[in-house]
Amino acid sequence: MSKKIDFFKQLQKELPSWVAKGWIKPEYEQSILADAAKTTELNEKSTTVYFSFMGIVLLGAGIITFFAAHWTEISKLSKLIILLSSLWASYLAAYYFLKQNQSYLNRLGQLLTLLGTLIFGVNIWLITQIYHFDVQDPAGILIWSLGAWMVAILLKNPFCMALSIVLALIWSLIKSPLIQHIHWSFLLIWALNLIPLLKEKWRGLLHLELISLIIWASFNLFWFLISSVHPQYYLFYISCSLLLAWLVFNLTLPQFQFMRNNMKKTFQHYAALFLLLNLFYLTFPDLLITFKQAPHKIWPGTLILILCNFSVLCIGLNSNKLCNLSKTSIGFYIGVLLVLSTLLLLNHIPLNPSIMGILYNLTMISILGWFIHLGYKTADRAFINLSFLFFAALILARYFDIFWTLLNRSLFFIMGGLLLIIGSYLFETQRRRLTLKMNTQKAENPKC
Amino acid sequence: MLKRILLILLLQTLFLVALIGFRQWTLNTGTPIILETEPIDPRSLFSGDYVRLRYKISTVLINPAEKKFTRGQKVYVSIKPENNQWAATGIYIKKPKVPSDQIVIKGYIQAILPDNRVQVAYGIENYFVPENEGKKLEQPTLNEKVSVKVSVDRLGNAAISGIFINQKQIYQETLF
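Below, the structure is looked at part by part. (Residues numbered from 1 in each chain as written. Chains lettered and ligands numbered in written order. Predicted model: local features only at pLDDT ≥ 70, side-chain atom pairs only at ≥ 80, totals over all residues. Heavy atoms only, no water.)

With that out of the way, let us pick up the interface of chain B and chain A. Across the boundary between the two partners, chain B contributes 34 residues, which contact 38 residues of chain A. Across the chain B to chain A interface the summed buried area is about 3700 Å²; carbon plus sulfur atoms make up 71%. On inspection of chain B and its partner chain A, the count reaches one salt bridge. For the salt bridge of B:Glu173 with A:Lys76, the shortest nitrogen-to-oxygen distance reads 2.9 Å. If you look at where chain B meets chain A, you find 10 residue pairs in polar contact (both at pLDDT 80 or more). For the side of chain B that touches chain A, the secondary-structure elements that each account for two or more residues are helix H1 (2-29) and strand E8 (126-129) of chain B. At 16 residues, the largest contribution of residues to the side of chain B that touches chain A is made by H1(B). The residue makeup of the side of chain B that touches chain A, split by class, is 18 nonpolar, 10 polar and six charged. (Contact = heavy atoms within 4.5 Å. Buried area = accessible area lost by both parts, 1.4 Å probe. Salt bridge = Lys/Arg side-chain N within 4 Å of Asp/Glu carboxyl O. Polar contact = N/O pair within 3.5 Å; in protein donor to acceptor, adjacent residues only side chain to side chain. Helix = DSSP H or I, 4+ residues; strand = E, 2+ residues; numbered from the N terminus. Nonpolar A, V, L, I, M, F, W, Y, C, P; charged D, E, K, R; others polar.)

This part covers the pattern of salt bridges. Residue and element names in this part refer to chain A. What the rule picks out here adds up to four salt bridges over all chains. A salt bridge links Asp 380 to Lys 265; the nearest nitrogen and oxygen atoms lie 3.0 Å apart. Of this pair, Asp 380 sits in the loop between helix H14 (353-377) and helix H15 (381-406) while Lys 265 is found in helix H10 (residues 261-282), placing the two residues 115 residues apart along the sequence. Residue class for Asp 380 comes out buried when judged on its relative accessible area of 6%. For Lys 265, a relative accessible area of 23% translates into the label partly exposed. (Buried < 20%, exposed > 50% of the residue type's maximum accessible area, 1.4 Å probe, protein only.)

This next bit is on the side chain of A:Thr363. Checked against the element boundaries, A:Thr363 lands in helix H14. Classification of A:Thr363 as buried rests on a relative accessible area of 6%.

Below, the discussion takes up the sheet that holds strand E3 (residues 59-61) of chain B. Residue and element names in this part refer to chain B. The five strands are arranged E3-E7-E6-E4-E5 in an open sheet whose pairing can be described as antiparallel. Only two strands of the sheet have a single partner each, and these edge strands are E3 and strand E5 (85-92). The sheet shows a mean angle of 50° between the axes of neighbouring strands, taken without regard to direction. Sheet topology places strand E4 (residues 74-82) next to strand E6 (residues 103-113); six bridges connect them, and they run antiparallel. Bridge pairing in E6 places Ser 78 opposite Val 104. (Pairing = 2+ DSSP bridges. Axes fitted to C-alpha atoms, helices over the stretch in contact; angles between N-to-C directions.)

Spelled out as structure tokens, the structure:
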């Protein structure tokens, strides 16, 4: 806030000299100052509002602490009255501020709506405690998430949307070990959350939504790895995750205009991240040895996903409309998909895991190289950063795999340290050189 | 805007009231049974103690020839009184029809145990008591027996309606 005030003061000092130099007309000086003053005043009021909100939160915390200390002395009926009236009070207070004309008061209204949603969750928790419900079942968290979702939809509140996404993820992470299986129901709630995100174009929340999906998928895969409940399906799940990520990546080609470009870019980046993450798992020979091959009877699932990928690719790859990708790139794209598909189908056949591991490593290096080329051509720094990150991770992982048993321990750590220092310097230098070159050159087609 | 806020308030309040109402319906209309316990007490993160309860019917014998049960699966256990205690007579995937001297209680498989047994949770394994009073139920003396009065409704849902020590009622569940 002080930066805005400093800017206003600086403006007050500079404007007369600008008028004297003839850069602006004298009549504009007052209009500019009046406009800047309004913004500064608004920001000052915002500061007051935010501090007031913090005060409300502290006051609320004090009231909650007071009731918590005397909770067992209060009758059930009084507890229910306190819980329900706090819920009503926060939403009605939110309504009062939401119907005001000033944006900073509307923001306070949105925060009070979030408070109401938080109180709803607390109410669920306390009522289950008062009436001795089974606390092991996380169904209450699901209901809380859906309550937040409803508020986000009806009042177009991004804070409640964020709460809904986080709660849905927590619900699933608790539920999965209880049912000893992948918690597929999460995907339904995830899809439900995606609808308002895309409709309201909440791009920041789209990041949160996609991160929650990656966390869910990674948790389930790692949980399978640790628990060894269904080892024969492990490779199959990774293959499917990889192919689904690739499918999303295909759908973000410029031809598919079902969403805005900046939203598509977000999907594309996270699809690339998820793809690389799953491929990274497959580069570990020990993993392939442990889980052997995926069961024969479920190879049609892998095949269907591969066919979906090729279908989307055929529909999308129209070289007349495709921008920024050379024929070499397109050829490489198709080639990588072919190689990857073959390798994933080979998961269902008992081949030498070491050979498979080498092939996956080579495929990953090729894909990383292609992503760097893609990022450079389309002026997309995210691909370059992602590729360098995974390249570094790949080298580190292979270093550990190869030298952990071959080298003396101290020599291993010394060499590892040197590798990290030199490697990080080289990678960072290369990455900066590439991104700088990319930024200074014009994209071949700015519409891409 | 006001209509939307009122809709949100109405739905959320209705849900909370329904939660209480459903529990009260089980307590008021359910068949009362007395179960003896084997308590273990952890502390709740919130104020108050909560007592973790286990019952004789928590462990159920299964027929190895029948369908395999999995952890987290919903099951129905038929119970009948035997020697002043309720004992499990069978475990089913779907709610069975039972003779009038038996009742069916709904639960979830918590663990698959050796010797053809499963551990089942019925939603009556926790009870919140005022702070520092959990020990009475957690560590009864040798001649003290803790038993729990449970209501089981016609859908198989169970709810604790009272706690007894040596048949003397210590806690009673009411609406308010």
